[in-house]
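Fold and geometry: a report
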Amino acid sequence: MRKVLIGGLSGLALTLSGALAGCGQKAEDPTAAASQTADATPENAPGIALADAVVRLPAMAGRPGVAYFTVSQGAGPARKIAGVYVEGADRAEMHETVTENGVSSMKPVKDVAVESGKTVEFKSGGLHVMLYDIADTLKAGGTTELTITLDNGDKASIPAKVEAFAAASGEMDHNMSGHDMSGHDMSKM
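1. A few points about the overall build of the chain
- Helix and strand content of the chain: two helices and eleven strands.
- Of the regular secondary structure in the chain, the N- to C-terminal order runs α-α-β-β-β-β-β-β-β-β-β-β-β.
- The burial tally for the chain puts 32% of its 189 residues in the buried class.
- Considering only contacts in the chain between residues 6 or more positions apart, those separated by 24 or more positions represent 70%.
- Looking at the chain as shown, the accessible area adds up to about 11,300 Å², and 55% of this sits on carbon and sulfur atoms.

If you want it as structure tokens, here you go:
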């Protein structure tokens, strides 16, 4: 009987020590996890606001996708968007669709001016961001992070909805049909 009691006390001691060790740890606080995530993203540039961010996946695997968004600047000096990064794409390039004599072509854009009190739209048929080598982890219905870098090094980020290619809408920016692709490295597409 003594052996059972000692064994029982040892088990109780182990259970209590495990419980006490757990007391020293904080319970998982969902707001703490959310603030850690928020703190890990870059602070948005002063006066810059991003909205309506969407990443459209290519119609065929291995082809480029496209990103659209709106950027506004409240007050402050004029800035230029010097680059765009989309998590899940190896490379992102700003482009503009230009139509001359009925032929549409895409031309790379080095930077995009953002003036105080103005809004710039990256949309189908105009400015847009071509996305190359898209990871399999980007799936329609999910989200990813889109970050712009300004000419002064400031950054602004926004979650972007990931959508499937919208063939029915007639969207052609990232499908390449009807575009003059001269000057583009087609081996990357």
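2. A short note on the nonpolar core
- In this structure, Phe69, Val71, Ile81, Val84, Phe122, Leu146 and Ile148 are the most contacted members of the largest nonpolar core, which totals 31 residues.
- Once residues lying within four places of it in the same chain are set aside, the contact partners of valine 84 are Phe69, Ala92, Met94, Val129, Leu146, Thr147 and Ile148.

3. Overview of the packing of aromatic side chains
- On inspection of all chains with the given rule, the structure shows one aromatic pair.
- Seen in terms of ring centroids, phenylalanine 69 and phenylalanine 122 are 4.3 Å apart; in terms of plane orientation they differ by 15°. Their pairing is stacked. Remark: phenylalanine 122 occurs in strand S7 (residues 119-122) and phenylalanine 69 occurs in strand S2 (residues 65-73); sequence separation between them is 53 residues. The two residues phenylalanine 69 and phenylalanine 122 agree in class, both being buried.
- Arginine 91 extends its terminal NZ or CZ atom over the ring of tyrosine 132, reaching a point 4.0 Å from the ring centre.

4. Describing the confidence of the model for the chain
- Per-residue confidence for the chain averages 75 on the pLDDT scale, and 65% of its residues sit at or above 70.
- Counting interchain partners and residues more than four positions distant, the pLDDT-below-50 stretch residues 1-42 has five contacts.
- A low-confidence stretch, residues 167-189 stays under pLDDT 50, and its non-local contacts, those more than four residues away or across chains, total 58 contacts.

5. Quick look at the environment of threonine 137
- For threonine 137, the position within the fold is in the loop between strand S8 (127-134) and strand S9 (143-150).
- In this structure, the C-alpha to C-alpha distance between threonine 137 and glycine 88, residues 49 residues apart in sequence, is 7.2 Å.

Rules used throughout
- Residues numbered from 1 in each chain as written.
- Predicted model: local features only at pLDDT ≥ 70, side-chain atom pairs only at ≥ 80, totals over all residues.
- Heavy atoms only, no water.
- Helix = DSSP H or I, 4+ residues; strand = E, 2+ residues; numbered from the N terminus.
- Buried < 20%, exposed > 50% of the residue type's maximum accessible area, 1.4 Å probe, protein only.
- Contact = heavy atoms within 4.5 Å.
- Areas by Shrake-Rupley, 256 points an atom, 1.4 Å probe, with all protein chains shown as cover.
- Core = buried A, V, L, I, M, F, W, Y, C linked by side-chain atoms within 4.5 Å.
- Phe/Tyr/Trp six-rings, centres within 6.5 Å; stacked < 30°, edge-to-face > 60°.
- Lys NZ or Arg CZ within 6 Å of the ring centre and 35° of its normal.
- pLDDT = per-residue confidence, 0-100.

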